[in-house]
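A look at the structure
Below, each chain spelled out in residue letters.
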Amino acid sequence: MRGATVFLALLLCLHGTWAQGESGGETGNHITETEEENRKKEVQFEIQDAKATHDQSSSQTNISPEIWAELKELRDMAIEQMVELRNSKSKIEKLEQENTVLKARMSSCENEVKELKRENADLLARVTASENKNTVLEARMSSSENEVEELKRENAERPKVAFSVGLTDAGEVGPFNTDITLKFIKVFTNIGQAYNPTTGIFTAPVKGYYYIRFNGWEARPSQTIRITLYHNDKIITTCFDNKDVYNLTVSNAFVLQLEKGDVVYMVLNSGYGIYDSLHNRTTFSGFLLFAV
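Note that this is a predicted model, so its numbers are computed, not measured.

Calculation criteria
- Residues numbered from 1 in each chain as written.
- Predicted model: local features only at pLDDT ≥ 70, side-chain atom pairs only at ≥ 80, totals over all residues.
- Heavy atoms only, no water.
- Helix = DSSP H or I, 4+ residues; strand = E, 2+ residues; numbered from the N terminus.
- Buried < 20%, exposed > 50% of the residue type's maximum accessible area, 1.4 Å probe, protein only.
- Contact = heavy atoms within 4.5 Å.
- Areas by Shrake-Rupley, 256 points an atom, 1.4 Å probe, with all protein chains shown as cover.
- Salt bridge = Lys/Arg side-chain N within 4 Å of Asp/Glu carboxyl O.
- Pairing = 2+ DSSP bridges.
- Axes fitted to C-alpha atoms, helices over the stretch in contact; angles between N-to-C directions.
- pLDDT = per-residue confidence, 0-100.
- Core = buried A, V, L, I, M, F, W, Y, C linked by side-chain atoms within 4.5 Å.
- Expected span 1.5 Å × (residues − 1).
- Phe/Tyr/Trp six-rings, centres within 6.5 Å; stacked < 30°, edge-to-face > 60°.

**Some points on the overall build of the chain**
- When you go through the chain residue by residue, the secondary structure sums to three helices and 13 strands.
- Considering the chain as a whole, with its 292 residues, one finds that 28% of them fall into the buried category.
- Nonlocal contacts in the chain, meaning residues at least 24 apart in sequence, comprise 75% of its contacts between residues at least 6 apart.
- Total accessible area computed for the chain in this model is approximately 19000 Å², and 53% of it derives from carbon and sulfur atoms.

Okay, structure coming up:
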């Protein structure tokens, strides 16, 4: 009986150690692998000591083989359960460590996702702002293009009038015993064909303001010069020079408001002469400033 009692006490100790291990796992899992190994060795020593005591007292105590077999089976089961418990705790600790790492990685990924969402929101805002600016620029561009087209149309519709002519290459003209219209037969420019070199008359094709200019030159000695600018039958100006020297020159310019069909021309007054040559010193010119 003494051996059986000792073995039962050993089983109770193992059960207490097992319960303490579970309690320790619940409170904090502070048992290390070294402590587990030490406990395994202590259990083995206790089992060996119990077995030795049983061997010594087996001759003095009568235990049936069935009881002894059951006790041995219970011992093996207790050892096996204890080993499995230790392995399970080790696996749990490893899984908890892995879970901690996964939680850290998950937290990092969530932060990265939040940052990417924020960056995407910023990019979307910038893209939207750029699209709005592009819309405004496109509207302004379209308006500018329309204005350009309108100006082109207006310029195309606006009459273009300009003429510049010289008197002659023959040299001396006059004097005559009556006023004559000067026919400037050397045409340098005649845009709009408003000047007639056959008659010497410029006819306004549209109502508007025109710039008119003339130059007169006389190279003969003891000869005077006198020319008159006419608007229809109205004298605009008369210019003359009678100095007893060579190279007499007169000139003038005006801005005239002309109706459509009005005429402008130059007249050489009776008894006066004028001179021109290939140097083009006697000229008549004008152009449309703007129509009204």
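Continuing now.
**Section: the pattern of salt bridges**
- Considering all chains together, one arrives at seven salt bridges under this definition.
- When the shortest N-O distance is used, the salt bridge between Lys207 and Glu259 registers 3.8 Å. Of this pair, Lys207 sits in the loop between strand 6 (201-203) and strand 7 (208-218) while Glu259 sits in the loop between strand 10 (248-258) and strand 11 (263-268), and the two are 52 residues apart along the sequence.
- Exposure remark for Glu259: the relative accessible area of 37% places this residue in the partly exposed category.
- Three or more residues are tied together by salt bridges with common partners; here these are Glu115, Arg118 and Asp122.

**Points about the sheet that holds strand 10**
- Strand order across the open sheet formed by five strands is 4-1-13-7-10, with antiparallel pairing between neighbours. The sheet is open, and its two edges are formed by strand 4 (186-191) and strand 10, each paired on a single side. Along the sheet, successive strands turn relative to each other by an average axial angle of 5°, direction set aside.
- Of the pairings in the sheet, the one linking strand 1 (residues 162-166) to strand 13 (residues 283-291) comprises five bridges and is antiparallel in character. Paired with Gly166 across the strands is Thr283, a residue of strand 13.

**Topic: unusual backbone geometry**
- With an omega dihedral of 5°, the bond running from Gly174 to Pro175 counts as a cis peptide bond.
- As for its placement among the helices and strands, Pro175 is situated in the loop between strand 2 (171-173) and strand 3 (180-181).
- The backbone phi angle of Asn232 is positive, close to 55°, even though this residue is not glycine.
- Residue placement: Asn232 occurs in the loop between strand 8 (225-231) and strand 9 (234-241).

**Here's the deal with the confidence of the model for the chain**
- Summarising the model, the chain shows a mean pLDDT of 81, and 77% of its residues fall at 70 or more.
- pLDDT under 50 marks residues 18-32. Its contacts with residues more than four places away, or in other chains, come to 17 contacts.

**Brief notes about the nonpolar core**
- Grouped together as the largest cluster of nonpolar side chains are 28 residues, with contacts concentrated most on Phe202 and Phe284.
- Looking at this core, the elements with two or more residues in it are strand 1, strand 7, strand 8, strand 10, strand 11 and strand 13.

**Comments concerning the environment of Tyr211**
- One can find Tyr211 in strand 7.
- Its relative accessible area of 25% is what places Tyr211 among the partly exposed residues.
- Among residues more than four places away in sequence, those in contact with Tyr211 are Ala253, Phe254, Val255, Ser285, Gly286, Phe287 and Leu289.

**Considerations on the pairing of strand 8**
- With six of seven residues buried, strand 8 is to be regarded as a mostly interior element.
- For strand 8 and strand 9, the ladder comprises seven bridges, and the chain directions are antiparallel. What sits directly across from Ile225, in strand 9, is Asp241.
- Note: strand 8 against strand 11, five bridges, orientation antiparallel. Across the sheet, residue Thr228 finds its bridge partner in strand 11, namely Val267.

**Here's the deal with helix 3 (residues 65-157)**
- Given a rise of 1.5 Å per residue, 93 residues ought to cover 138 Å, and the 132 Å separating the end C-alpha atoms of helix 3 matches this to within 8%.
- Those residues of helix 3 not exposed but buried are Leu71, Arg75, Met82, Leu85, Arg86 and Lys89.

**Description of the packing of aromatic side chains**
- As enumerated under the stated definition, the model contains 10 aromatic pairs in all.
- Between Phe184 and Phe284, the aromatic rings sit 5.5 Å apart at their centres with planes inclined by 40°, giving tilted as the arrangement. Here Phe284 lies in strand 13 and Phe184 lies in the loop between strand 3 and strand 4, a separation of 100 residues in the sequence. Accessibility classification places Phe184 together with Phe284 in one group, the buried group.
- Taking 5.3 Å as the distance between ring centres and 5° as the angle between the ring planes, the aromatic pair formed by Tyr230 and Tyr265 counts as stacked. Residue Tyr230 is found in strand 8, and its partner Tyr265 is found in strand 11; the two are separated by 35 residues along the sequence. By the burial criterion, Tyr230 is buried, and Tyr265 matches it.

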